[in-house]
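Here are the chains, one letter per residue:
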Amino acid sequence: MRLNWITSFALLCLLILAGCGKDKDQRDAEVDKFVDDLLRRMTLEEKIGQTVLYTSGYDVITGPTVDPNYKEYLKKGMVGGIFNAVGADYTRSLQKIAVEETRLGIPLIFGYDVIHGQRTIFPIPLAESCSWDLEAMERSARIAASEATAEGINWIYAPMVDISRDPRWGRVAEGAGEDVYLGSLIAAARVKGFQGDNLSAVNTVVACVKHYAAYGATMAGRDYNTVDMSLNELWNTYLPPFKAALDAGCGTIMTSFNDLNGIPATGNKYLLKDILRDKWNFNGFVVTDYTSINEMIPHGYANDEKHSAEIAMNAGVDMDMQGGVYMNHLKTLIEEGKVSEKDVTEAARAILKIKYKLGLFEDPYRYCDANREKTDILTPANKEAARDMARKSMVLLKNDKQTLPLKENKRVALIGPLVKDKYEILGCWSAMGNRDTIPVSVYDGLVEAIGKDKISYAKGCDIQSEDTKGFAEAVRVASASDVVVMVMGEFHNMSGENNSRTNLSLPGVQVDLLKAIKKTGKPVVLVLMNGRPLTINWEKDNLDAILEAWFPGTMGGAAIADVLTGKYNPSGKLTMTFPQNVGQIPLFYNHKNTGRPYDPNVPQFAYGSRYWDVSNEPLYPFGYGLSYTTFTYSDLTLSSKEITKENPLKVSVKLTNSGEYDGEEVVQLYTRDLVGSVTRPVKELKGFKKVFLKAGESKVIDFTLSVNDLRFYNSQLEYVYEPGDFHLFVGGSSDTKLKTEFTLK
């Protein structure tokens, strides 16, 4: 009887797929009919089973529990999805249990944390955001999806779209930085890259936008910590990237670990029902983060696991990741009248619809093709895309006296703990990336670029050790060179989940080594590998050049060599502010003014909002990044001094490459709303264009600004624009001074 049901599944799937040319409403109706028919055949226990997600124990475990009995649950139809199961043959073996050994043969969905690549590892997402290249970011997500599906994965826990202004928080490495506008565009681009135009294609996955919501604002930058903020701040800053991801078609969403204004996100009806379902009309499914339903108990919000299951289901959580509380308690809660069977049915419906859209009912093994593991992973094209993405992600922070690019026929000393590294270079959340043999180190990249005979090497020190025994050899090597390239930074696991830091300087004795090398009098270039903004005041004041390479991934060393030698002219711009010290945090460009804004031209004892021991300014502002050439802005003009609903504003600026190298510039447009019904930021990014110009070339860059670009949520949480005066800025970073004015009528 079960085999007949599977056969009918396949026939119905083929009939529906044959109607793919029909309009969306008709296709949706057919999907609903299919799922409705299946739900009528399912027992309550089988519906509950769809809401249960377990890790296979195959790969990285990011929580306190692993249940070794997941295969037994699977055989009983008590599990709807498996995560951390990788490999075409392995996922096929698990799918075979679900399809061939359970009553209805409902296929599993397989999830995995593919944050910046599966086997070909791209730069960390924070780095990618610094490229300001949406097309390249979409391409990297597409390649990640292609490689993941070749290894049996069809559900990716990305993109992470949490806005964050606190670099102490390790998970800034996974996101797009501090800006709402840019972060929203990147969220949409990554979703499109993962999901493509057809979820049932064998090289696309369903995305899972995370972490909903406001996780990036955890107190003190400490992971899993609490969040307390106004609803106005929530709607203006932290929710827009989630909305952008869902508008791009993101099929699933993950709750965050934090509580929000006293209510854990996993049990938060306001987030999950009022906003997500009722206001945004989200029809995918909601999954928790790892055991976050259970964690409502230590939050002090639930009495026990049964109570936490009740809260989560009633709040709108469809799938329980790893906690086991839905499996263990939902049936009893329904019998007791504390949970509605209808809600469980709707949760199962949402999950089954995603499985259907992935094509799993047509062919449960479509993502279990061992041949694709041999042909679609770590291809030359994938590696070249990773190399290109890494180049575009790097930010040149300093370059005095044109120290870079490296001059031909000069002897280069390569010094530092990360020169020959192949392990840390992948960064956190490196999925199935090989950390031993495949990554290209900086040493290998420069040997390939300029030849081994021009390079000398000394490690000097480890990343975090206090041992200085290697200093003498490093000084000797530096002294015999023409220029010194120091490659330094963090361990990969100093950033990412559960890796918060209160000291953001280079760890260990790395700064001491820099000081020792500086005394040789040789030009010193610092290449940084790290997952967050660092406090590098001494380095900024004393070194000749600084290249922020982040954790650049599999092809990172080759990409760094491309930049250092001038094969590629750096074009990255910061998407997170670099503070002078930790005491300034949180520090971000689009802050609000105070009633007593500090003016440095006023005597020091004036009562302005400032610090005694450091200026208010960042070390490096949002949007900042140098090039080997120089760009000059002029002739900022507006089509009118007024903007209305019917008449958008045309903005033009002349950009000139006034240097000696061809290069790219990210032209950035900001506005300031001078007076609002709620106070407004001093600047807000409203547009950008990445422009390539040959040396000496000029071009007029045009933007269109509409009243919709000037909307915000007021005190009543209405999305409005308000008449009044505005400043408009255009330039190469958020601290640009090129300004004009207009009025919104």
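These figures come from a predicted structure and were not determined experimentally.

Criteria and thresholds
- Residues numbered from 1 in each chain as written.
- Predicted model: local features only at pLDDT ≥ 70, side-chain atom pairs only at ≥ 80, totals over all residues.
- Heavy atoms only, no water.
- Salt bridge = Lys/Arg side-chain N within 4 Å of Asp/Glu carboxyl O.
- Helix = DSSP H or I, 4+ residues; strand = E, 2+ residues; numbered from the N terminus.
- Axes fitted to C-alpha atoms, helices over the stretch in contact; angles between N-to-C directions.
- Left-handed = near helix turned anticlockwise from the far one by under 90°.
- Contact = heavy atoms within 4.5 Å.
- Nonpolar A, V, L, I, M, F, W, Y, C, P; charged D, E, K, R; others polar.
- Pairing = 2+ DSSP bridges.
- UniProt positions renumbered as here; feature names shortened; annotations may be inferred.
- Buried < 20%, exposed > 50% of the residue type's maximum accessible area, 1.4 Å probe, protein only.
- Polar contact = N/O pair within 3.5 Å; in protein donor to acceptor, adjacent residues only side chain to side chain.

### Re the pattern of salt bridges
Tallied over the entire structure, the rule returns 41 salt bridges. In this structure, the salt-bridge partner of Lys 243 is Asp 247, at a minimum N-O distance of 3.0 Å. Taken as a pair, Lys 243 and Asp 247 lie in helix H10 (residues 240-247) at a separation of four residues, close to a single helical turn. Measuring nitrogen to oxygen at the nearest pair gives 3.0 Å for the salt bridge that ties Asp 388 to Arg 391. With Asp 388 and Arg 391 both in helix H16 (residues 380-393) and three residues apart, the pair spans about one turn of that helix.

### Focus on the packing of helix H7 (residues 134-149) against H16
Here H7 crosses H16 at 145°, and the two axes come no closer than 10 Å. Where H7 crosses over H16, the handedness of that crossing is left-handed. Contact with H7, carried on its side by Ala 136, Met 137, Arg 139, Ser 140, Ile 143 and Glu 147, involves Asn 382, Ala 385, Asp 388, Met 389 and Lys 392 of H16 and no other residues of that element. A per-class count over the contact of H7 with H16 returns five nonpolar, two polar and four charged.

### Notes on the sheet that holds strand S4 (residues 155-156)
Strand order in this open sheet of eight strands is S9-S6-S5-S4-S3-S2-S1-S10, and the pairing throughout is parallel. Because the sheet does not close on itself, it has two edges, and the strands there are strand S9 (285-287) and strand S10 (320-321). Summarising the sheet, strand S6 (residues 252-255) and S9 pair through three bridges and their orientation is parallel. Within S9, the residue paired with Ile 253 across the bridge is Val 286. Lying over the sheet, H10 contacts strand S5 (206-212) and S6, oriented at roughly 165° with respect to S5. Here helix H14 (residues 341-357) sits on the sheet and contacts strand S3 (109-112), S5, S6 and S9; the angle it forms with S9, its principal contact strand, is near 105°.

### Considerations on the sheet that holds strand S26 (residues 739-744)
Within the open sheet, the five strands sit side by side as S18-S26-S25-S20-S21. Their pairing is mixed. Edge positions in the sheet fall to strand S18 (642-643) and strand S21 (684-693), since each has one partner strand and no second. By the bridge criterion, nine bridges tie strand S20 (residues 663-673) to S21 in an arrangement that is antiparallel. Within the sheet, the bridge partner assigned to Glu 665 lies in S21 and is Val 691.

### A look at the UniProt feature "domain: Fibronectin type III-like" (unreviewed entry) in the chain
Feature annotation in UniProt assigns "domain: Fibronectin type III-like" (unreviewed entry) to the following positions: residues 665-734. Span residues 665-734 is 0% helix and 56% strand, its end C-alpha atoms 14 Å apart.

### Considerations on unusual backbone geometry
Cis geometry marks the peptide bond from Tyr 212 to Ala 213; its omega dihedral reads 5°. For Ala 213, the location among the structural elements is in the loop between S5 and helix H9 (231-238). Along the chain, Ile 585 connects to Pro 586 via a cis peptide bond; the corresponding omega equals 5°. Among the secondary structure elements, Pro 586 is positioned in the loop between helix H21 (556-564) and strand S17 (631-638). Phi is positive for Asp 635, which is not a glycine, with a value near 55°. On the secondary structure map, Asp 635 appears in strand S17.

### Description of the pairing of strand S16 (residues 545-548)
Neither face of S16 is exposed, since Ala 545 and Leu 547 on one face and Ile 546 and Glu 548 on the opposite face are all buried. Relative to S16, strand S11 (residues 395-399) runs antiparallel, the two sharing four bridges. Considered in S16, the bridge of Lys 398 is made with Ile 546. In this sheet, S16 lies alongside strand S15 (residues 524-529) in parallel orientation, the contact comprising four bridges. Looking at S16, one finds that Leu 528 is bridged to Glu 548.

### Let's talk about the environment of Leu 330
Structurally, Leu 330 can be placed in helix H13 (residues 325-335). Leu 330 gets classed as buried once you look at its relative accessible area, which sits at 0%. Through-space distance from the C-alpha of Leu 330 to that of Glu 310 is 7.4 Å; in sequence the pair is 20 residues apart. In this view, Leu 330 contacts Ile 48, Thr 51, Met 313, Val 325, Val 339 and Val 344; residues no more than four positions away in its chain are not counted.

### Brief notes about the environment of Thr 266
Considering the arrangement of structural elements, one finds Thr 266 in the loop between strand S8 (263-264) and helix H11 (269-279). Under the relative-accessibility criterion, Thr 266 is labelled buried at 1%. Here the alpha-carbon distance between Thr 266 and Met 254, two residues 12 residues apart in the chain, equals 8.9 Å. If we ignore the near neighbours within four places in the chain, the residues touching Thr 266 are Thr 255, Ser 256, Leu 272, Thr 288, Ser 292, Ile 293, Met 296, Ala 312, Ala 315 and Val 317. Within polar-contact distance, the side chain of Thr 266 engages the side chain of Thr 255 at 3.0 Å.

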